[in-house]
Every structure is written in C-alpha cells, then in structure tokens.
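This is what each chain is made of:
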Number of protein chains: 6
Amino acid sequence: MRLDKRAQADMRNIRLETDVSKHAEGSVLISIGDTRVLCTATVEEKIPPFLRGKRQGWINAEYAMLPRATAQRTGRESVRGKQTGRTMEIQRLISRALRSVVDLEKLGERTVWIDCDVLQADGGTRTAAITGGFLALVLAVDGLIQSGKLTDTPIKEGIAAVSVGKVGSELLLDLCYEEDAAADVDLNLVMTSSGKIVELQATGEEATFSRKEMLDMLELGEKGIEELLHAAEQALGASWWYVGEEVEHG
Amino acid sequence: MRLDKRAQADMRNIRLETDVSKHAEGSVLISIGDTRVLCTATVEEKIPPFLRGKRQGWINAEYAMLPRATAQRTGRESVRGKQTGRTMEIQRLISRALRSVVDLEKLGERTVWIDCDVLQADGGTRTAAITGGFLALVLAVDGLIQSGKLTDTPIKEGIAAVSVGKVGSELLLDLCYEEDAAADVDLNLVMTSSGKIVELQATGEEATFSRKEMLDMLELGEKGIEELLHAAEQALGASWWYVGEEVEHG
Amino acid sequence: MRLDKRAQADMRNIRLETDVSKHAEGSVLISIGDTRVLCTATVEEKIPPFLRGKRQGWINAEYAMLPRATAQRTGRESVRGKQTGRTMEIQRLISRALRSVVDLEKLGERTVWIDCDVLQADGGTRTAAITGGFLALVLAVDGLIQSGKLTDTPIKEGIAAVSVGKVGSELLLDLCYEEDAAADVDLNLVMTSSGKIVELQATGEEATFSRKEMLDMLELGEKGIEELLHAAEQALGASWWYVGEEVEHG
Amino acid sequence: MRLDKRAQADMRNIRLETDVSKHAEGSVLISIGDTRVLCTATVEEKIPPFLRGKRQGWINAEYAMLPRATAQRTGRESVRGKQTGRTMEIQRLISRALRSVVDLEKLGERTVWIDCDVLQADGGTRTAAITGGFLALVLAVDGLIQSGKLTDTPIKEGIAAVSVGKVGSELLLDLCYEEDAAADVDLNLVMTSSGKIVELQATGEEATFSRKEMLDMLELGEKGIEELLHAAEQALGASWWYVGEEVEHG
Amino acid sequence: MRLDKRAQADMRNIRLETDVSKHAEGSVLISIGDTRVLCTATVEEKIPPFLRGKRQGWINAEYAMLPRATAQRTGRESVRGKQTGRTMEIQRLISRALRSVVDLEKLGERTVWIDCDVLQADGGTRTAAITGGFLALVLAVDGLIQSGKLTDTPIKEGIAAVSVGKVGSELLLDLCYEEDAAADVDLNLVMTSSGKIVELQATGEEATFSRKEMLDMLELGEKGIEELLHAAEQALGASWWYVGEEVEHG
Amino acid sequence: MRLDKRAQADMRNIRLETDVSKHAEGSVLISIGDTRVLCTATVEEKIPPFLRGKRQGWINAEYAMLPRATAQRTGRESVRGKQTGRTMEIQRLISRALRSVVDLEKLGERTVWIDCDVLQADGGTRTAAITGGFLALVLAVDGLIQSGKLTDTPIKEGIAAVSVGKVGSELLLDLCYEEDAAADVDLNLVMTSSGKIVELQATGEEATFSRKEMLDMLELGEKGIEELLHAAEQALGASWWYVGEEVEHG
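No experiment lies behind these values; they were computed from the predicted model shown.

(A) Molecular detail of the overall build of chain A. Broken down by element type, chain A carries 6 helices and 9 strands. At 18 Å, chain A has a C-alpha radius of gyration in line with the 18 Å of a compact globule built from 250 residues. Restricting the contact set of chain A to residue pairs at least 6 apart, pairs at least 24 apart contribute 69%. Total accessible area on chain A is roughly 9400 Å²; 47% of this is exposed by carbon and sulfur atoms. Here chain A contributes 30 positive and 40 negative side-chain charges, whose respective centroids are spaced 6 Å apart.

(B) Here's a closer look at the interface of chain A and chain D. The interface is formed by 35 residues belonging to chain A together with 35 residues belonging to chain D. Summed over both sides, the interface of chain A with chain D buries roughly 3200 Å², with 51% coming from carbon and sulfur. Inspection of the region where chain A meets chain D yields 6 salt bridges. With its nearest N and O atoms 2.7 Å apart, the salt bridge here joins Arg92 of chain A to Glu89 of chain D. Across the contact surface, chain A and chain D share 14 residue pairs in polar contact (both at pLDDT 80 or more). Sorting the residues of the side of chain A that touches chain D by element identifies α2 (85-99), β9 (197-204) and α6 (211-236) of chain A as the ones contributing at least two each. With 8 residues, the top contributor of residues to the side of chain A that touches chain D is β9 of chain A. When its residues are assigned to classes, the side of chain A that touches chain D shows 12 nonpolar, 10 polar and 13 charged. The pairing of β9 of chain A with strand β9 (residues 197-204) of chain D spans 5 bridges and is classified as antiparallel. For Ala202 of chain A, the partnering residue across the bridge sits in β9 of chain D and is Leu200 of chain D.

(C) Spatial organisation of the relation of the copies chain D and chain E. Superposing chain D onto chain E takes a rotation of 180° plus a shift of 0.0 Å along the axis, which leaves an RMSD of 0.0 Å. Classification of the inter-copy transformation places it as that of a two-fold axis. Comparing contact sets, 100% of the residues at the interface of chain D also lie at the interface in chain E, consistent with an isologous, same-surface contact.

(D) Geometry of the packing of aromatic side chains. Residue and element names in this part refer to chain A. For the structure shown, the criterion picks out 6 aromatic pairs over all chains. Centre to centre, the rings of Phe50 and Trp58 are 5.1 Å apart; their planes meet at 90°, and the pair counts as edge-to-face. For Trp58, a relative accessible area of 13% gives the class buried.

(E) Summary view of the UniProt feature "binding site: phosphate" (unreviewed entry) in chain A. Within the UniProt annotation, "binding site: phosphate" (unreviewed entry) is assigned to Arg86, Gly124, Thr125 and Arg126 of chain A. Annotated residues spanning 41 residues; largest pairwise C-alpha distance 13.5 Å, indicating a single compact cluster. Residue position: Arg86 of chain A is located in helix α2. What makes Arg86 of chain A partly exposed here is its relative accessible area of 28%. If sequence neighbours within four positions are ignored, Arg86 of chain A has contacts with Tyr63, Met65, Thr125 and Arg126 of chain A together with Arg92 of chain D.

(F) The sheet that holds strand β3 (residues 35-44) of chain C, seen in detail. Residues and elements named next belong to chain C. With respect to topology, 5 strands assemble into an open sheet ordered β1-β2-β3-β5-β4, the strand pairing being mixed. Looking at the sheet topology across the chains shown, the edges are occupied by β1 (14-18) and β4 (58-65). Sheet twist, expressed as the average angle between the axes of neighbouring strands with direction ignored, equals 15°. As judged from the 5 bridges shared by β1 and strand β2 (residues 26-32), these two strands associate in the antiparallel manner. Within β2, the position partnered with Leu16 by the bridge is Ile30. In the packing of helix α4 (residues 125-146) onto the sheet, contacts are made with β1, β2, β3, β4 and β5 (111-120), and the angle to β3 comes to roughly 35°. Each of β1 and β2 is contacted by helix α6 (residues 211-236), which is oriented at about 30° to β1, the strand it contacts most.

(G) Region of the structure containing the environment of Val43 of chain C. Residue and element names in this part refer to chain C. Along the chain, Val43 falls in strand β3. The exposure class of Val43 is buried, given its relative accessible area of 18%. For Val43 and Arg126, which are 83 residues apart along the polypeptide, the C-alpha to C-alpha distance reads 22 Å.

(H) The pairing of strand β3 (residues 35-44) of chain A, seen in detail. Residues and elements named next belong to chain A. With respect to burial, β3 is a largely interior element, 8 of its 10 residues being buried. Linkage of strand β2 (residues 26-32) to β3, two consecutive antiparallel strands, is achieved through a turn of 2 residues, within which Gly33 is found at a positive phi near 60°. Pairing geometry for β3 and strand β5 (residues 111-120), over 9 bridges, is antiparallel. Bridge pairing in β5 places Arg36 opposite Gln120.

(I) Summary view of the sheet that holds strand β1 (residues 14-18) of chain F. Residue and element names in this part refer to chain F. Strand order in this open sheet of 5 strands is β1-β2-β3-β5-β4, and the pairing throughout is mixed. The open sheet has two free edges, formed respectively by β1 and β4 (58-65), since each of these has just one partner strand. Ignoring which end each strand starts from, the neighbouring axes of this sheet average 15° apart. Lying over the sheet, helix α2 (residues 85-99) contacts β4 and β5 (111-120), oriented at roughly 145° with respect to β4.

(J) Layout of the arrangement of the chains. Chain C makes no contact with chain D; the smallest distance between any of their C-alpha atoms is 11 Å. As for chain F relative to chain A, no contact occurs, and the smallest C-alpha gap between them is 11 Å.

(K) A look at the packing of helix α2 (residues 85-100) of chain B against helix α2 (residues 85-100) of chain C. α2 of chain C packs onto α2 of chain B with a crossing angle of 110° between their chain directions and a minimal axis gap of 8 Å. Of the possible angle classes, the one that applies to α2 of chain B and α2 of chain C is roughly perpendicular. Here Gly85, Arg86, Met88, Glu89, Arg92 and Arg96 of chain B of α2 of chain B lie close against α2 of chain C, whose contacting residues are Gly85, Arg86, Met88, Glu89, Arg92 and Arg96 of chain C. Of the residues that constitute the contact of α2 of chain B with α2 of chain C, the class distribution is 2 nonpolar, 2 polar and 8 charged.

(L) The arrangement of the side chain of Thr111 of chain A in detail. All names here are of chain A. Within the secondary structure, Thr111 sits in strand β5. Note on Thr111: relative accessible area 3%, which makes it buried. A distance of 2.7 Å separates the side chain of Thr111 from the backbone oxygen of Lys46, its partner in a polar contact. Beyond its immediate chain neighbours, meaning those up to four positions away, Thr111 contacts Thr42, Val43, Glu44, Lys46, Ile47, Pro48 and Trp58.

(M) View of the UniProt feature "domain: Exoribonuclease phosphorolytic" (unreviewed entry) in chain A. All names here are of chain A. The sites that carry the UniProt feature "domain: Exoribonuclease phosphorolytic" (unreviewed entry) are, in the present numbering, residues 10-140 and 159-224. As annotated, residues 10-140 has a helix share of 30% and a strand share of 31%, and its two end C-alpha atoms lie 31 Å apart. Measuring from the first to the last C-alpha atom of residues 159-224 gives 12 Å, for a span that is 30% helix and 44% strand.

(N) Here's a closer look at the pattern of salt bridges. A complete count under the given rule lists 144 salt bridges over all chains for this structure. The residue Asp174 of chain A makes a salt bridge to Arg12 of chain A at a minimum N-O spacing of 3.2 Å. Taken as a pair, Asp174 of chain A in the loop between β7 (170-173) and α5 (177-182) and Arg12 of chain A in the segment before β1 (14-18) lie far apart in primary sequence, 162 residues in all. Note on accessibility: Asp174 of chain A and Arg12 of chain A belong to one class, buried. The salt bridge partner of Asp216 of chain E is Lys212 of chain E, with a shortest N-O separation of 2.6 Å. Here Lys212 of chain E and Asp216 of chain E lie together in helix α6 (residues 211-236), a separation of 4 residues that amounts to about one turn.

(O) Just the interface of chain D and chain E, in detail. With 37 residues of chain D at the contact, the number on the chain E side is 37 residues. Carbon and sulfur atoms make up 46% of the surface buried where chain D meets chain E, a total of about 2800 Å² over both sides. At the junction of chain D and chain E, the tally comes to 16 salt bridges. Residue assignment for the side of chain D that touches chain E shows that the elements contributing at least two residues are β3 (35-44), β4 (58-65), α1 (77-80) and β5 (111-120) of chain D. The element best represented in the side of chain D that touches chain E is β5 of chain D, accounting for 6 residues. Across the side of chain D that touches chain E, the residue classes break down as 15 nonpolar, 9 polar and 13 charged.

(P) Representation of helix α6 (residues 211-236) of chain D in the model. The terminal C-alpha atoms of α6 of chain D, which comprises 26 residues, lie 37 Å apart, in line with the 38 Å expected from a rise of 1.5 Å per residue. Just beyond α6 of chain D, the residue with positive phi is Gly237 of chain D, at close to 55°.

Reading the values: the criteria
- Residues numbered from 1 in each chain as written.
- Chains lettered and ligands numbered in written order.
- Predicted model: local features only at pLDDT ≥ 70, side-chain atom pairs only at ≥ 80, totals over all residues.
- Heavy atoms only, no water.
- Helix = DSSP H or I, 4+ residues; strand = E, 2+ residues; numbered from the N terminus.
- Rg over C-alpha atoms; globule rule 2.2 N^0.38 Å.
- Contact = heavy atoms within 4.5 Å.
- Areas by Shrake-Rupley, 256 points an atom, 1.4 Å probe, with all protein chains shown as cover.
- Lys, Arg positive; Asp, Glu negative; His and termini not counted.
- Charge placed at Lys NZ, Arg CZ, Asp CG, Glu CD.
- Buried area = accessible area lost by both parts, 1.4 Å probe.
- Salt bridge = Lys/Arg side-chain N within 4 Å of Asp/Glu carboxyl O.
- Polar contact = N/O pair within 3.5 Å; in protein donor to acceptor, adjacent residues only side chain to side chain.
- Nonpolar A, V, L, I, M, F, W, Y, C, P; charged D, E, K, R; others polar.
- Pairing = 2+ DSSP bridges.
- Least-squares fit on C-alpha atoms with pLDDT ≥ 70 in both.
- Phe/Tyr/Trp six-rings, centres within 6.5 Å; stacked < 30°, edge-to-face > 60°.
- Buried < 20%, exposed > 50% of the residue type's maximum accessible area, 1.4 Å probe, protein only.
- UniProt positions renumbered as here; feature names shortened; annotations may be inferred.
- Axes fitted to C-alpha atoms, helices over the stretch in contact; angles between N-to-C directions.
- Parallel < 35°, antiparallel > 145°, perpendicular 65-115°, else oblique.
- Expected span 1.5 Å × (residues − 1).

Right, dumping it as structure tokens:
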C-alpha cells in the first residue's frame, strides 16, 4: 500500500473549481491531492510576430511556482533574473499539449495565454497544469462564443495529463512528491478524449527501463486520463459542449 | 454612496484564512473585498551576510502579482528578467513595516521570509500584504515557540495597514481599484496596535493636498486599522498571545 | 548642538549653480552641505508609448550615485546589471514630485528627462535631487519658451523637498549622513510654493512614532522648504517668471 | 523514397572522428548526414555544491548552436543575454541520458562537462549530441584510467540516441531538417547497448498519435540505435573496453 | 629557436579551407598553427536602424570561443548572461577592420554578418578571425555578384592581420599561446594588400616599449601580412577577382 | 586654423583640480577643454580571487559617462542592464595603462579602484581618464604612505595619454568632439615620463593610413604628453615625490 493508502492504480483526489478569478476570461483551481495549481486563460486580440499573415491564432502557456509552494522555499525567478530550465521545459510542454487539441485557424487571429501558477506542490504539477489549463481554455472559448467573437468551437477534443512512475519494482499511477523523488523512472502522459497520445515522456534518471515496463506504465496512465477527463466533463458542465469530440471513456 | 454601496468610512469585507499552506511555517490568505493575497512565512536558520556577528535575526518580504491578478494580464517579471520598481518599492515597505514590530535580537539568528503573492488584485494589495504578512509571521513565531526554538515572543505588538484616498472632493477609506485609479491623493498608513505610526506615505499624483486633508485621511485610516487588527485577533485565536502588547482598539 | 554646530531647525548651506552643463537644456549643481547632485534636464520631442494619442507630455527622472559618492565605494549598477530597489524608489519619487507641479498638457507632446547624479553624498540626496531637478526643469522650460516651442509656461508653481528626522528624542531638520544613520524616524517632505504637500513619507525603521511627532516634523520641514524655495528663486533669476504661481513665503 | 534517396528505415551516413581537440580530455566530431556536432569532455576535479559530502561525481552537458549552423542565421544567446528554453531542454536531456549509464560513485568526486556545439544543423542535433557526447565521455574516462586517477570504469554500458518521425502517413528513421519540419509526430529515443530505454519522448505538434504508431516508431528507433552503437564501437577502438557491458546488437 | 622550432620571423602553418558550411553565404575554416577559427558570412537584406536613409550597407562581426577551445574550460557567455569585455573588444576590432576595405555604399542596403567562432585556441585568435573573416566576406560578395544582386565589387582591397610580440628581449612574429602568455608587449597589426595600416594596437601589459621596438615589430608584422595575403589569394582562387586592388606582395 | 582657433599641435586648456571628493582616498577633476572627468581612487584592503597567494596588489579602473555628458542624451547602462562594448574597452585600457607604471608587488595585497566618470564629454574622454586617473592614484598612494601602510612608493614613473587624429589631410593634436567625429584616423597614445610607450592604438574607421602618417601622429602625441605631465607635476605638488622616476620632459 502506498504512503497515502492508495492502491497502485489509484488517482489522488481530483477537485476542479471553475471561475475562481474575477478578471480572467477562464479560470480553474485544480487540486490533485495536495497539489494545487491556479490556471487562468487570457484572451488577447493579437498574435505573435512570427504568425503574421498566417490567419491563425496561438496558445501560449506560462508556468511558475510560488516560492513556498514547495517543502523548502525556492527563490523567485524574478529575483534571480531568469527562468530555470525546468520552468521553460514545462511551459513549452503545456503550450504544445494545448495546441494539439485546438484548431488554430478556427481560433482566429488571437492569442490565448494560459497561466499556470502552482500554489502548492506535491508532485505532478506539470500534468495538473495541462489538465487545469485545458479547462481554463474551454471556459475562455465559451466566453468567445457567448460574446459572438467565435461562432464555432476551435477545440477539437478533450485533453488531460497524468504521471506514472516506477518506484522500486512497482509501477504507480499519479505520484505524490515522496514517490516522485524515489522513482527510478518517470512517465508523463498527455492524452486526448479519443484516446490519442499527444505527448509521452518516459525518463530514467540514472536508470533505464524496458519496453514492457513502458507499456505497463502507459496503461496505468490511460486509466488516470479517463478519470481526469470524466472529472473535467463534470466540472465544465454546459461548457463541455464546446469540446468538439465526444468523450470516449464511457 | 460608493461604487460598492459602502459609506465613506467603511472598510470592505475582511476575510483571514490561516494555515492555508501545507508547507509554510505560517500562512494566511487575506481577502479585503476582491483583493486576495496569499502570505506565507518561511523560517530559515541563517542570516544575511551583512548581519554576521550582530547576534540578531532578520525579516525579509517579497511581493509579486500573478499575471492575471489584474484586469489586464501583466507580463511575468521572471520573463522580463527583473522586478519592476513598483514591486521593489512595495516589498521594501512590507519588510520595513514588519521589522518595526519585531525585536530582531529576540528573534535570534534566523531569517523569516514573508512571501506575499497577489492572487487577485482590486486595490490595496500592498496594505493587504502587510496585514496578512503580519499574521503569517505570528503563526511562524508560534511554531518556533511550540518547538522550543524560541522561549519568548519577539513580536512587540500588532500591526496592520490600510489605504485612504481623495477622490474628487471626497476622502474615502480602503479604496477599491476603480477608486484608486480615480484618486488624486493616495495615503497608505501602517500602524501598530498601540496606535503608533510605522509608516505614512501620502502621495499626490499630478496633484497636491493640504495638511488638513492629510490629517482627515489619517483619521479615516486609524479607523480601518482598528477593524483590521480586530479581525486579526479573531483569526489568530490562541496565537494572538504571541503578540506582545495588548490591542488597544477596544 | 548638532555635529556640524547647527541648531535643530537649521538647514545646511544651500548652493545652487545653474547652467553647469554645455550640452543639457537645463542644468543645476545643487549643494546642500556636503551633498552634491548634478541635475540636468533633457528635452526629447517624443513621448512614451503609453501616452500616445493623449495630447500631453511627460516628465521622467533618473537617479544614480557615482561609485565613490559614498564613504565606502558602492559597486556600479551597470556592472551589477540592474538598478537597486532604492534607486528605483527614489527616481519614481522624483518623477512624481516634478509631475505634480507641471501641467502636462501645456507641456505638449514631449518628454523632459531629469537626470540626477549624486557626485557626493552626505544625507538628503533624494530631496536635493527633487529641489535641483526642479530648477533644471524650469531652465529647460525657459529655453522652450525662448525658442518659441512653448508660448505659455506649463509650470504651475515652485517645488522643493527636505528631510526631517527623529534622532534620539530630538527632531532635526535636514539630516546629514551621520544623523540619518542614527535616526529612528525619517520624514521626507515635498511641498510646493503655495504650501501644498505633494508627498510626505514618514518611516520608522525598526521604530514607530506618534501623530504629534509627525506634525512637529512636518512643521520643521515646512521651514526648510521655504528656505529652499527662496534660494531657488534667487538662483533662477529671470527664469523664475516661468514658475506660474507667486512664491508665498513672504 | 525520401529526399536524399534513403529508404524509410535507413540511417544517414554516420561519421565519428575522435581526438579532434588539442586541449579536451575527450573529443569527438560526430556527423550524421549534414548534421555536425563537436563534442568535448572536460574533467574538472570538483563537484557542484549540492553534491558535497555525497561521495559521488557528476556529469553536466551544455549544448549550443553556432549562429550560422542553421539555414537562417540565429542570434547568439550570449548577445541575447540568456539561453533559450529549447537549449535548456536539450542540455538537460543530454545530461540525464549520459548520467544514466554512469556509476557516479565510481566516477569519484569530479565533474565531467560535456560540451556539444553544433557546427552545422540538418535535423537530429540533440540525438547526435548524446551519441557523440557519450564517445567524448568514454575517451575522457580512458584518460582517467590511463593516468591512474581511476582504476575501474564507471561506464555501465553504451548509449546512443536517434530520432524517428511521422511525416504524412509514413514513419521515417533519422529525420533530416526538411523531414523534421514536415513531421506531425517526432520521437526521440535514447537507448543503451543492452537494449534498455533511457528516455523516450514522443511529441505531437498540433497532432496526435496512436499507441500502435508509437510502437512502430520505437522499433525503427531501435534499428538506428544498433547502427549507431556499432559505429561507436568501431570509432572508439580500444577505448571501447571501458564501456562496461558487451554490446548486444549482434 | 622557438618552442615549435620556428625562427623569429617565421609564421606558423597557414591553412585556409573555403566553403566549409552548407548554409552560409561564405565560409572559411582558418588554421594558423593549432589555432582554428570557423568564419561564416551571412548576407541579410536589411540594415541596422542607425543607417536608415543613408543608402549604404553595413558589416558586423561577432566573435566567440567554444568552451573547450582553451586549455582550461571557459564558461559559456550565454550561461553567464553576457559577453565579456574581451569578446566585445575583439568583435569591434574585426568589424572595424573589415569595414575599412569595403565601400559600404557599393555594398548596398544590406548587412553582412561575419561570425568568427574559435574551435581551438593557440594564440592569435583575433588576427586569425580578421584574416579568415575577410575570406568569408569575399566569398559572400562573389555570391552576390553571381546572383546578380551586385554588379560591381564593394571590396576595395585585401586585408589580413597578424600578431607580433616582445618575449624577453626577442621580437617574435605570430605568437603561439605560450609565447603570448610570456610576452611583455603585444602588437596586433591589421594591414591591406596595398601596404596601408588599418589598425595597429601595441600594448604593454605591466611593461613599456620604445618607438624603435614598435617599428621593428611593425616590420615583422608586415612580413606576416604578406604571407597571409598570398595564402588568401591561393585559397580564394577565382573569387580573388572580387578583391578590387591588386595584391602588392609580389 | 581649427574650430577653436588652435594650431595643429596645440593642446586644449588643461585644468587639474585635486582633492575634490570628501570621501575618496584620491580624487581629481580633470578638464581638457570642455571635457570633464571626475576621477577617484579607492583603496580596498583586499585583492581579486585570481591573485590569491601571489603577494601582489591590483589596479582596476571603471569608466562611465553621465547620461547628459553628451550632446544627445545617452541611456544609462544600469537601465539597459549591461555595459556597452565601448565602455568595457575603455576601462580595460585605463586599467592596463595604470598597471604599467605600478610595481604591483610593492603596492601590497590591496586593490586600488580608479573610477572615471565623465561629467561632460567633448572628445578625448578615455585619454583624460587615464591622465586624471593617474593623479588620483598618486594621491591615494600618498595617503597610504602618510598613514604608514606603505613605506616605499609603488609608482615607477609618470603616465599620461592623449589623442591625435587625421582630419582631411591634416594631423591634429588633442581632438575635440567635432574633429573626432570627422577624423579618418584616430590614434590614442599612452606614454610614461621617461618617454616609453605603454599603449598605442591607431585606428582607421573605414579608412587606412601609412607608416609615415603614424610616425607623424606619434610625434604630435609625444608633445601633448609632455604638456600633460608638466601640468600633472604642477597639480600634484609635493605628492609628485611619490612618482618614482624623474620626469624627463625638460
């Protein structure tokens, strides 16, 4: 049994609070166990320079942790004067993931900024940011449609992300911080509601793994994704109609 | 009557949630109307270089806003590569204010970091940060005493902060964002529970004011401080015993 | 009696040399005791982006100290790669102060840069910078009028700034460095020639103060402001005609 | 047939020149088709601060491209003042990959820096950097053993990396730049000589893929890895003896 | 006799490989003894802002060393966040030198970037960069003429650079690293094929020199320049026709 | 005749005011025509890390211009976040020049910082900084000797610097800004009181020059150096005794 009494294939508690921000076009506070990430979507009616003349929109995510989101205080990146490699890697991942389920031409010439700020970290912050960021995006799209700025949803299907790890000889779904720190292999899976993979990153830190282990981890991850997408559908309520494709987890 | 139906000398709704962080030694989520600031206190058992050999501790505050805390998204300081002048000015103010009610020798050779992160901004974020930061500090001191690292409280008295402004010809307590943007004069008051002033900053932006107006604003501010300190006492419960001086607001 | 034999309410020696720069549109070397600040005004025929279309001008001040302006050498901010919080706070203060006595619409769509570089520091550099910066500004406006770029003065009235402090139990006007370092409370006052307050910053560093003490300090400051404005009038000579309002110090 | 006449499962030409640097402890110029990366290994007899007291060594890789390694000139990161997110992501990958086949305790309290500088880019620079960086590392270890600083090799087995992609409906091994730019899915595989996976990153950029496609790409990648490790063995000659485990590709 | 058996007035081995880059408009790998610099020329059809409306082109050089070009590894400037003073000084020198033999009006409104990246350093990297950079520039101009973008060559004459030093009491041509490190006086000479000086920098580091010594060093330098220009002519082949003035060394 | 009525070989007015700073160990305000540079020397009783254990001292110069030292305002390097290449080049030159006349072992394990801040620029700021910086250094050494920290002077001889240029077909001594801007060739000469050269930098910007022209410029420069050293001797008075070698200009 795991530290927090979960079985190997159990997700932690999932909580999705929508519309938590007075200002943002879309916002979600996602809690996966003790990990809490505030995700906001900002619609900006302009596009980055490299897209000029391409008649399409863009989605750009940023990620950060509050200094005391972690067990030890982490110095602010603004004081340090630059973002760490870890931060950049994570926000590139979130951006790519969300773009994969959006028809950028249908989005029109606008940028949606997804800000994912970790209020409390206990493992799986990047996957929570993807899952929560998607909800904020859908809510912002809902707003664009309600206000008549869009007539058709640019969102092709649902998306969520989860981590799986190999700790000792066990494969575990949805690692908390202690498990993550002890893991030899760490797999992050981003998957759509139609069961397609968007991103799979399997990493051995000073360790290796077999193809079989990877496939077993993938299977655990698929289970987690289904649960996350189910929760997302519940949380979004009517806004879920703007997620183009039917969810296939049931 | 004001935008939100308050009278001239009314504070907005005050909400103080303590122990909101799993990791921090002290933490408070302070809400003043729609302004929400997450304040954490981190105890670090070392001191900055300039204090070596001085047998005293230090308190250092940092302040930041989430990108979409504001009506328009504000770019991250970590992306920009440096903190703005406004941020630096505010965190210097918070640090000074909190140090004024702490006996740094009694604190011992340790640093307490106060992180004030604005989750949602609607005016008065710097004063909310001081008020909330003080509570986080008291909770951290409580922990130091419970764990036997301190035997005597270094906190000399309570402290809180509030804004007052002159909007048109009216003097108003506790400005919300719209009022703040329209104000000709802005006064920030930091005051202790014994009624002493710690910091008074009265500023005319492209405007001036008389001594009489300043005194009237000060009086309004004192009323707000009393209400904030009363709320702080309620929120801290037993931890309030570590605030050295009796509160004199009633 | 004070270190330099002054009485409690005495200003240090005030010296104002105008037109000290071959290149600048306005320039003043202000000496207050041993504090020396070179203030230049540069007129730039464009405005910052955020003012586009607003049909008004802008005033922007920058402040710095030469490395050996101080008793100990201070490393250059250009080597460090960024300005300190103290520098930013001071230049924001100078900018705000000068803007408060200028009709920015009358100034027209141009920016006046006020550069305040401390050649030698002995306390009160920020207040000397405001007082000297104002003179440089008036001289630049005089030039704009002489050259026909302006027909009417945008300067509404005179302005000056001074520090007051509480050292031990004494309230002292115009602190030199040793007094400033020993002060429990520091008050900076910015005031106009009509006796209006522009900015009042009263700060206890690890100390507090009463309303009565603040008012006594304010009174001392007012005396200093009068003397400074009198000296400014003498130094500006005919250029003083471009300071809109009559000086009211008698 | 592909642009350069290769079949779907063909690697480009592999060329590995060893000892190309007069100064470095190990060096390799790796060419994969037109991609050319200069890899040097530097042995430094100290460890990063976070490893103090842990009695182990460290491997740290850095990656950069010459400005005109690419079809369009890319501005220098040193002029820009910081490394891009892409660079950071890649050098973190190289570092992790190489550490996975090294027994860091056996390496002793020293750091091996692996510098991978892309002289010419034509797709697959990060995988070439891992493959070439490994050879430079082995040569540096050889030197440590020859000079008596190490008695036993810390290298556990061989390692190499390759890219696979889905272009249109075709799965292709070892993408050149044009193929990479056209690919919907990009998979980078890092694998050891015993056939274990170290890292698998499969990414859909604005696209998704199925589990089946991922497995087919993995299989193609394994073929490429075998060829790369075979070439590495040839190039290293006697130094190959310091690669602990026998190569299993034949 | 010198370390590497050269006589006092001997150049090291000169090797000039042209067209070493698949992408660049001009490229040369210059080897002077063990010093190896990769020089590429990039033609960009725009000009820097300060040249707008001046109907002329520009040449801008950048210089860098790979981390392990040197005997000890040098940290990357991109990691450090800025270029060193040495780097800036060198690239300003290269830029000035190359501009002195180009008719910038004839070049037309375009910028030629010359990137000089030191792959291996053994003294004289800045002079090798000038000599090699010139060849890359000629090859790029050849391309502009072949493609019809230019009808007439903007290159006025050939140029090369060499170092001379005073080591102990001896004056030596073309210093290798060990000689350079031991030199009391260091002279860098940039000269054209018509025997005109473009730049002469003679520097005593904690030492001085006489006018006579300077003239003797200049004479040695002239001999080296002749050999370099002869090698350049050989290496450029037909492209040499685009070097306006006849070489006068034979 | 020149713009300011000087003959070809005339220096501008030289003015050297010593002890202009209350705080610095040595200070000089040097005026060469309208160019004014404030030079201070700071003695720091420690040495840079790379000199540890070498039993010698160090001299380090820094150079900057006030924003409005120039005809057009130049943005601050501290705001820009880094020093320009020009600044770095100049401060490296000043440092080298001053070190060449100091016996660093005799100086002892201390650093002398020479800060050269240009208050007003009209050509020749770098040479004025060397000349003035030398005086500040001598004054600081005088102080070290008076206070018994040094018994013997580490200064080997006097030093000064001057510019010469070729404007049209004329060779001119000590260029003012307009002449400098119009010059085809610019020569900076640093020379000692015994007539030895420390540094000679002759530069053609988009122009070349002959050996004969260089020698003629050198001769003009020597005349200027003599005048500068004569003025230095007058200005230093008794402190000149700490300049080791007798001046040989008369």
